[in-house]
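The lines below spell out each chain.
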Amino acid sequence: MARDSQAALVALNRFGLGARGGASGDFLNAASDPRGFVKAELARPNGVLLEVPGLQSTPALGKAVFDYQFEIQQARDAAAKQAAPATEGQPPPDAKAQRRNLSLNSIAMDMAPKEPSKEPPPNPPENPNAAMAPAEAMRPNAPKPPPAPLNIIQKTFRAEALARLQRAVMADCGFTERLVVFWSNHFCISANKGGPARMWAGSFEREAIRPHVLGRFGDMLKAVEQHPAMLFFLDNQQSLGPDSRAGKNRNRGLNENLAREILELHTLGVGGGYSQADVTSLANIITGWTYAGRLGQLGAPGSFVFNANAHQPGAQRVMGKIYDAPDVRQGEAVLADIARHPSTAKFIATKFARHFVADDPPPALVARLADVFTRTDGDLKALATALVDSDDAWKAPLSKMRSPYEFLVAAGRLLAQIPNDPGRYLGGLNALGQPLWSPAGPNGFPDTNAAWAAPEGIKLRLDISAQIASRLADGVDPRDLLELVAADAASSETRKTIERAESRQQALALLLMSPEFQRR
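Residues numbered from 1 in each chain as written. Predicted model: local features only at pLDDT ≥ 70, side-chain atom pairs only at ≥ 80, totals over all residues. Heavy atoms only, no water.

For the rest of this paragraph, the subject is the overall build of the protein chain. Looking only at helices and strands, one finds 27 helices and four strands in the protein chain. Across the 520 residues in the protein chain, those meeting the buried criterion constitute 51%. Long-range contacts, defined as pairs at least 24 residues apart, comprise 74% of the intrachain contacts of the protein chain with a sequence gap of at least 6. For the protein chain, the computed accessible surface area is about 23,800 Å², with 53% contributed by carbon and sulfur atoms. (Helix = DSSP H or I, 4+ residues; strand = E, 2+ residues; numbered from the N terminus. Buried < 20%, exposed > 50% of the residue type's maximum accessible area, 1.4 Å probe, protein only. Contact = heavy atoms within 4.5 Å. Areas by Shrake-Rupley, 256 points an atom, 1.4 Å probe, with all protein chains shown as cover.)

Laid out in structure tokens, this is it:
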């Protein structure tokens, strides 16, 4: 039974998101058929989609955010006009006008989306009153200010976050959700970019990642690079071909951000055989890849469009091949070719194995995954199946630390806490250094033990585990939960530690910090 329990632990932790409390069949099902338990979700491709009432398409969200930003600007302009000093010969504004000026300033400030700092504040307070001045907060019977209303960008982000978290906590095994997180981080954007980025973070994942997680890599690549969120994140809407009509008329030129990241981070990888000349050529090819703005002159606001006036005319050479299509097909042809390049197969296979198995994955496993990727023309379901079918993926010890997202979701699953408000999760992710959809750069969040196993990070996890235990320990028995987490695969040290705990609260916190729970 111990051997079956170890396989179940691998199935639930390495490939899934952890056992669910209240679903004692998880561990038994995983133990009876570990590979079948993991692969069951691959047979339900529509189960990867996230279709939740109220979540809107990127164009609909684009129109909403463009209109919102326009209203903000109008309020700011009006406030600035009212605040301007009276010119000579004109009477000063009366008291009514001054009050109107203050009102407009207040409106503008309330409506303005706040730019998040590069260093997210640790654990933003759930209670808005926590932001009160200390002296005011300590005064007996001090009036509590009402919470500030959420603007449309904040509401949208929280709704998207809640949908993603609920799906992760409720999923059977969680393998396909792990795949979504992997590909979303591979093709990452950052909600901290400002503008419409925060509005589009969730719809980007729903539209460009999820439909292709069990499809073809080439299709995902095209969907990602043509999505308005990616175009905005890497500034391609600002890129103009030097010899294009717009390039000749405006004081702006080529932007290579998107082209460089396509080659370096999305496909071939560093050392994948491309040169700076290839980056520049690809940047020229994808000029004109943009999205329609508020006025909808090129298409529905917030939708991908090809602007011929911004496109660099003429043929371009990328990786030794000439591409001469006169329109959007020129860039699509490049993407299709580099999606099939041997360097892309090796880069993706290595990163895939590193995420699921080990920081230094077995070379034989990487070679097998690269071969499957090549033979199947980038079939990502076949890639995931090959990973689960590989003995190397099951034999390797559970040595990788769960990321903050995986840790918090696993805790929610174990304690059967389906979120109805994303605040605690978002605060925890901020505190642990993995704010949702907001990596520091286009290379995404790190995927190594060194990133998440630092002493300060472990201390923060312990603090959060203690907070979780203080709220929920009275309703659970940590010894029973240990059976859901690891059963016979739990070490004697972990069992003794939990049994000797001074309270249920302490026992639960220790369980959440145990190797059986933290490692995957």
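Having seen it, we continue.
On inspection of all chains with the given rule, the structure shows 18 aromatic pairs. Relative to Phe517, the ring of Phe407 has its centre 6.3 Å away and its plane inclined at 80°; by these criteria the two rings are edge-to-face. In this pair, Phe407 is assigned in helix H20 (residues 404-414) and Phe517 in helix H27 (residues 515-518), connecting sequence segments 110 residues apart. Each member of the pair, Phe407 as well as Phe517, carries the same accessibility label: buried. (Phe/Tyr/Trp six-rings, centres within 6.5 Å; stacked < 30°, edge-to-face > 60°.)

Here we take up the nonpolar core. Core analysis: the largest hydrophobic core is formed by 134 residues, its most contacted members being Phe15, Phe175, Trp183, Phe187 and Phe352. Residues in contact with Phe352, not counting those within four places in the same chain, are Leu179, Phe182, Trp183, Leu369, Leu383, Ala384 and Leu387. (Core = buried A, V, L, I, M, F, W, Y, C linked by side-chain atoms within 4.5 Å.)

The subject of this paragraph is unusual backbone geometry. Positive phi outside glycine occurs at Asp377, with the angle close to 60°. With respect to the secondary-structure elements, Asp377 resides in the loop between helix H17 (363-375) and helix H18 (380-389). On the basis of relative accessibility, which here comes to 29%, the residue Asp377 falls in the partly exposed class. Phi angles above zero are rare outside glycine, and Ala416 is one such case at about 55°. Position of Ala416 among the secondary structure elements: in the loop between H20 and helix H21 (423-432). The partly exposed category is assigned to Ala416, whose relative accessible area is 45%.

Take Asp33: it is sitting in the loop between helix H2 (25-32) and helix H3 (34-39). Spatially, the C-alpha atoms of Asp33 and Ala11 are 9.4 Å apart, while their sequence positions differ by 22 residues.

With that settled, the discussion passes to the packing of helix H7 (residues 152-170) against H20. When two helices pack together, their arrangement is given by the angle between the helix axes and the distance between those axes. Interaxial distance between H7 and H20 falls to 8 Å at its minimum, and their mutual angle equals 60°. When the axes of H7 and H20 are compared, the pair comes out oblique. With respect to the hand of their crossing, H7 and H20 are arranged in right-handed fashion. Only Tyr405, Val409, Gly412 and Arg413 of H20 make contact with H7, whose side of the interface consists of Arg164, Leu165, Ala168, Val169 and Met170. Partitioning the contact of H7 with H20 into residue classes produces six nonpolar, one polar and two charged. (Axes fitted to C-alpha atoms, helices over the stretch in contact; angles between N-to-C directions. Parallel < 35°, antiparallel > 145°, perpendicular 65-115°, else oblique. Left-handed = near helix turned anticlockwise from the far one by under 90°. Nonpolar A, V, L, I, M, F, W, Y, C, P; charged D, E, K, R; others polar.)

So, on to H20. The buried count for H20 comes to eleven of eleven residues, which makes it a mostly enclosed element. Among the residues of H20, Pro404, Tyr405, Glu406, Phe407, Leu408, Val409, Ala410, Ala411, Gly412, Arg413 and Leu414 are the ones counted as buried. Once H20 finishes, Ala416 follows within two positions and takes phi at roughly 55°, a positive value.

Further remarks concern the side chain of Ser390. If you trace the backbone, Ser390 turns up in the loop between H18 and helix H19 (391-395). Setting aside residues no more than four positions away along its own chain, Ser390 makes contact with Arg35, Leu365 and Arg368.

Turning our eyes to something else, we now look at the pattern of salt bridges. In this structure the tally under the stated criterion is 28 salt bridges. Put simply, Asp389 and Lys39 hold a salt bridge, and the shortest N to O gap is 2.8 Å. Of the two residues, Asp389 is situated in helix H18 and Lys39 in helix H3; the sequence distance between them amounts to 350 residues. On the accessibility criterion, Lys39 (28% relative accessible area) is partly exposed. Linking Asp337 and Lys321 is a salt bridge whose minimum nitrogen-to-oxygen distance equals 2.9 Å. You can see Asp337 sitting in helix H15 (residues 328-339) and its partner Lys321 sitting in strand S4 (residues 321-323), a full 16 residues away along the chain. Taking relative accessible area as the criterion, Lys321 reaches 41% and is therefore assigned partly exposed. (Salt bridge = Lys/Arg side-chain N within 4 Å of Asp/Glu carboxyl O.)

Of all ten residues making up helix H13 (residues 257-266), seven are buried, and the element is well covered by its neighbours. Among all positions of H13, only Leu258, Ala259, Glu261, Ile262, Leu263, Leu265 and His266 are buried. Next to the buried residues of H13 lie helix H8 (175-186), helix H10 (217-225), helix H11 (228-233), helix H14 (276-285), H15 and helix H16 (342-356).

Per-residue confidence for the protein chain averages 89 on the pLDDT scale, and 87% of its residues sit at or above 70. Here residues 95-140 is modelled with pLDDT under 50, and outside its nearest four sequence neighbours on either side it reaches 56 contacts, counting other chains as well. (pLDDT = per-residue confidence, 0-100.)

Take the environment of Asp377 next. Once the C-alpha coordinates of Asp377 and Phe217 are considered, the two residues, 160 residues apart in sequence, prove to be 8.0 Å apart. A polar contact of 2.9 Å, which involves the side chain of Asp377, links it to the side chain of Arg340. (Polar contact = N/O pair within 3.5 Å; in protein donor to acceptor, adjacent residues only side chain to side chain.)

This part takes up the environment of Leu179. Examined against the element boundaries, Leu179 turns out to sit in helix H8. Along the chain, Leu179 and Ala384 lie 205 residues apart, while their C-alpha atoms are 8.4 Å from each other. Not counting residues up to four positions away in its chain, the partners in contact with Leu179 are Leu42, Val213, Leu214, Phe352, Phe356 and Ala384.

Another aspect to go through is the side chain of Thr267. Within the element layout of this structure, Thr267 appears in the loop between H13 and H14. Take Thr267: its relative accessible area is 0%, and that puts it in the buried class. Side-chain polar atoms of Thr267 contact the backbone oxygen of Ile262, separated by 2.7 Å.

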